[in-house]
Amino acid sequence: MGSTVTFHLAALESSSDGQEPSLAGHDYGAITQLLHDDSISEVMVNGPDQVYIERKGQLTLSDIKFASEAELIRVIREIAAFVGRRIDDESPMVDCRLPDGSRVNAIIPPLAIDGASLTIRKFARDPFSVQDLISFGTLTAEAAGFLEGCVKAHFNILVAGGTGSGKTTTLNVLSSFIPDNERVVTIEDAAELQLRQPHKVRLESRPARIDGTGRISIRDLVVNSLRMRPDRIVIGECRSGEALDMLQAMNTGHDGSLTTIQANSPRDTLARLETLVLMSGVDLPQRAIREQIASAIHLIVQQSRLRDGSRRITNITEIVGREGDTITLQDVFLFEETGLDGNGRIQGKLSPTGIRPNAMAKIYSRKVAISPALAALFPDRKAPDYTLGVRR
Ligand SMILES: Nc1ncnc2c1ncn2[C@@H]1O[C@H](COP(=O)(O)OP(=O)(O)OP(=O)(O)O)[C@@H](O)[C@H]1O
Ligand SMILES: [Mg+2]
């Protein structure tokens, strides 16, 4: 993605001055109404005649068309121009954001064979809260209580899942559990996280200029963040060599860090992380990498976009240690599908597996306040049991 360029928008920054970022004042052609419709989460344009939208997890082909390929390219050029970019033969793809914070990718022919393509991930004006995710069925109140306890007890957590499975949204919700008195540094390629904590520093990477200079990578920012006295480091997505720096940070006293990774199962997450560490260019034996992973990462939250379009957490998995060269995993919560309802929607529940997580000992020893439901599920073994009149 050498020539892809991400830009920092002055218009987006105005939100920190209390001014609402807005889409006003620009001409988005045929898709204008889609961009203003808050019920639409994604707009995907495949050439002038096909505009797909996603609403409530469902992809549909809209009846909207651009007048011509030239008109579609005009809109793409205009979007790129808002952030001082051009899109042409020399730089035929662009990553940027709309003034309201929506994430945009555009790619034009000849790279896009069947016509210019424009993909817009709409900015969530009112980001999903943990209550929203519970009401969507993404997780249960019990599982949310467990995750809240783990975040507050400074667990290092990976949110894993496929593209568009809801990783960033879940990361945002997990970050909302970080207590207000902690200093949070967020590191992203394009700022999407919306932390409500007052004490935060947001960092954004910068791709190389056309002449190849000026690149500041996620990795550079992770290294820099260690000198910023962070209580927490939240990395939007780990997709390259920064994985090694992140693991080292986690292993050297920066517990409580959170990130996302593209992977399809907890076991796959470990393999992916190993590959990313190798991408750092530091020549480490596999055994040493696994040691680092096993001691750094405490929990994997596995997310999926199921075939009915719903986003679900399918596993909440602890890393419990190593047996020889194999990292041992233990599911604490697991989603089990029970069937389909009348509308073809997948039924099922993210239920506790019955295994008592090792995490609870740390949650109790750190005196993290937990919900009564979680305490009932996993009682404190060291606490006196007054119901029996004796200490167990
Ligand atoms: N739990 C959820 N339930 C329903 N919709 C969700 C949920 N989580 C996220 N979404 C919606 O799904 C889309 C993708 O979400 P998000 O950006 O969090 O995914 P992602 O896995 O980080 O994607 P990417 O791989 O592109 O980074 C967004 O439009 C978001 O509003
Ligand atoms: Mg994401």
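Sequence order as written defines residue numbering, which begins from 1 separately in each chain. Chains carry letters and ligands carry numbers; both start at the beginning, A for chains and 1 for ligands, and go up in the order they are written. Note on the predicted model: pLDDT of at least 70 is required for a residue's local features to be given, and 80 or more for side-chain atom pairs to be given and counted; whole-chain, interface and lining totals, by contrast, use all residues.

Visitor: Help me out: how do you make sense of the overall build of the chain in this one?
Guide: Note on conventions: DSSP H or I runs of at least 4 residues are helices, E runs of at least 2 residues are strands, and numbering of each starts at the N terminus. Helices and strands together make up the secondary structure of the chain, namely 12 helices and 15 strands. Only the C-alpha atoms count toward the radius of gyration. The rule for a globule is 2.2 Å times the residue count to the power 0.38. Against the 2.2 N^0.38 benchmark of 21 Å for 392 residues, the chain shows a C-alpha radius of gyration of 22 Å, consistent with a compact globule. Here the C-alpha coordinates of the chain stretch approximately 80 × 55 × 40 Å along the principal axes. Any pair of residues counts as being in contact when their C-beta atoms, constructed from backbone geometry, are within 7 Å of one another. Considering only contacts within the chain whose residues lie at least 6 apart along the sequence, 54% involve residues at least 24 apart.

Visitor: Quick question: what am I supposed to make of the site of ligand 1 here?
Guide: The criterion for a residue being near a molecule or strand is a backbone-placed C-beta atom within 6 Å of that molecule or strand. With respect to spatial proximity, 17 residues lie near ligand 1, and among them Ser41, Gly166, Lys167, Thr168 and Thr169 are the closest. Elements that contribute at least two residues to the shell around ligand 1 include exactly strand 1 (40-46), helix 4 (130-136) and helix 6 (167-175). Here the shell around ligand 1 gets 3 residues from one element, more than from any other, and that element is helix 6. Only Asp, Glu, Lys and Arg are considered charged, only Ala, Val, Leu, Ile, Met, Phe, Trp, Tyr, Cys and Pro nonpolar, and every remaining residue, Gly among them, polar. When the residues that make up the shell around ligand 1 are grouped by side-chain class, the tally is 3 nonpolar, 10 polar and 4 charged. When residues of the shell around ligand 1 are assigned to domains, at least three map to each of domain 1 (10-121) and domain 2 (130-377). Marked domain ranges trace back to an automatic or database domain assignment.

Visitor: Is there a simple way to explain the environment of Gln302 in this structure?
Guide: Residue placement: Gln302 occurs in strand 12 (residues 299-305). Expressed as a C-alpha distance, the spacing of Gln302 and Ser165, which sit 137 residues apart in the sequence, is 9.5 Å.

Visitor: Teacher, can you tell me more about the nonpolar core here?
Guide: The nonpolar core criterion groups buried Ala, Val, Leu, Ile, Met, Phe, Trp, Tyr and Cys residues into a set whenever they are joined through C-beta atoms within 7 Å. Residues are called buried when their C-beta atom has 20 or more other C-beta atoms within 10 Å, exposed when it has 12 or fewer, and partly exposed otherwise; all C-beta atoms are positioned from the backbone. In terms of nonpolar packing, the biggest core is built from 67 residues, with Ala143, Leu147, Cys150, Ile157 and Ile316 touching the most fellow members. With residues near it in sequence (within four places) discarded, Ile316 still touches Ala143, Phe146, Leu147, Leu299, Val301, Val332 and Phe333.

Visitor: Could you clarify how one ought to interpret the sheet that holds strand 8 (residues 184-188) in this entry?
Guide: Strand pairs in the sheet, formed through backbone hydrogen bonds, run parallel or antiparallel to each other. Here we have 9 strands laid out as an open sheet, ordered 9-8-10-11-7-12-13-14-15, and mixed in their pairing. A single partner strand is all that each edge strand has here, and the edge strands are strand 9 (200-204) and strand 15 (346-352). Neighbour-to-neighbour, the strand axes of this sheet turn through a mean angle of 25 degrees, independent of strand direction. Across 5 bridges, strand 7 (residues 157-161) lies against strand 11 (residues 258-262) in parallel orientation. By the bridge assignment for strand 11, Gly161 is matched with Gln262. Between any two strands, pairing holds if DSSP finds at least two bridges. Fitted lines through C-alpha atoms serve as axes, helices being fitted only where they are in contact, and the angles separating the N-to-C directions of these axes extend from 0 to 180 degrees.

Visitor: Please clarify how helix 10 (residues 286-296) should be interpreted in this entry.
Guide: Think of an α-helix as 3.6 residues a turn; residues three or four steps apart then line up on the same face. Listing the buried residues of helix 10 in full gives Ile289, Arg290, Gln292, Ile293 and Ala296. Down the axis of helix 10, the buried side of the element spans an arc of 160 degrees, and every buried residue falls inside it. Exposed positions of helix 10 whose direction lies more than 90 degrees from the buried face are Arg287 and Ala288. Each direction from the helix axis to a C-beta atom contributes to the arc, which is the arc of those directions.

Visitor: Looking at this structure, how should I read the domain arrangement of the chain?
Guide: Often, the extent of an interface is quoted as the loss of accessible area on bringing the components together. Domain annotation of the chain identifies domain 1 (10-121) and domain 2 (130-377). Summarising the inter-unit geometry, the C-alpha centres of domain 1 and domain 2 are found 29 Å apart. Counting residues at the interface gives 6 residues for domain 1, matched by 6 residues for domain 2. The class makeup of the residues in the side of domain 1 that touches domain 2 is no nonpolar, 3 polar and 3 charged.

Visitor: Can you walk me through the pairing of strand 15 in this structure?
Guide: Inspection of the sheet shows strand 14 (residues 326-340) paired to strand 15 by 7 bridges, in the antiparallel sense. Across the sheet, Gly339 pairs through a bridge with Gln347, a residue of strand 15. Here strand 14 hands over to strand 15 after 5 residues, with Gly344 in that stretch at a positive phi of 80 degrees.

Visitor: What is the right way to look at the confidence of the model for the chain in this model?
Guide: Regions with low pLDDT carry predicted coordinates that are not meant to be interpreted in detail. For the chain, the mean per-residue pLDDT works out to 89, and 92% of the residues sit at or above 70. The predictor rates its confidence in each residue with pLDDT, a number between 0 and 100. Scored below 50 in pLDDT, residues 1-20 shows 35 contacts in the model against residues more than four places distant or in partner chains.

Visitor: What should I look at first to understand the sheet that holds strand 6 (residues 117-121) in this one?
Guide: Pairing is antiparallel in the open sheet, where 6 strands are placed in the order 3-2-1-6-5-4. With partners counted over all chains shown, the strands left at the sheet margins are strand 3 (58-61) and strand 4 (93-97), one partner each. Ignoring strand direction, the axes of neighbouring strands in this sheet form an average angle of 15 degrees. Pairing of strand 4 with strand 5 (residues 103-107) involves 5 bridges; the strand directions are antiparallel.

Visitor: Quick question: what am I supposed to make of helix 5 (residues 141-152) here?
Guide: Between its terminal C-alpha atoms helix 5 stretches 16 Å, which fits the 16 Å expected from 12 residues at 1.5 Å a residue. For helix 5, a buried count of 9 out of 12 residues is recorded, marking the element as mostly surrounded by other parts of the structure. Here helix 5 has its buried residues at Glu142, Ala143, Ala144, Phe146, Leu147, Glu148, Gly149, Cys150 and Val151. Positive phi shows up at His154, right after helix 5, with a value of about 65 degrees. In a helix, the anticipated span is given by 1.5 Å times the number of residues less one.

Visitor: Whenever I open this one, the packing of helix 8 (residues 242-251) against helix 10 confuses me. Can you help?
Guide: Put simply, helix 8 and helix 10 touch, their axes get as near as 9 Å, and they point 55 degrees apart. Relative to helix 10, the element helix 8 is oriented oblique. Handedness of the crossing formed by helix 8 with helix 10: left-handed. Each of Leu247, Met250 and Asn251 in helix 8 lies in contact with helix 10, whose residues at this interface are Gln292, Ile293, Ser295 and Ala296. Here the contact of helix 8 with helix 10 is composed, by residue class, of 4 nonpolar, 3 polar and no charged. Roughly parallel means an angle under 35 degrees; roughly antiparallel, over 145; roughly perpendicular, 65 to 115; everything else is oblique. A clockwise turn of the near helix away from the far one marks a right-handed crossing, whereas an anticlockwise turn of less than a right angle marks a left-handed crossing.

Visitor: Looking at this structure, I do not really get the pairing of strand 14. What am I missing?
Guide: Consecutive side chains of a regular strand alternate in pointing toward one face of the sheet and then the other. Sheet analysis places strand 13 (residues 311-323) next to strand 14, joined by 8 bridges and oriented antiparallel. The residue bridging Ile319 from the neighbouring strand is Leu329, located in strand 14. Joining the antiparallel neighbours strand 13 and strand 14 is a turn of 2 residues, in which Gly324 adopts a positive phi near 60 degrees.

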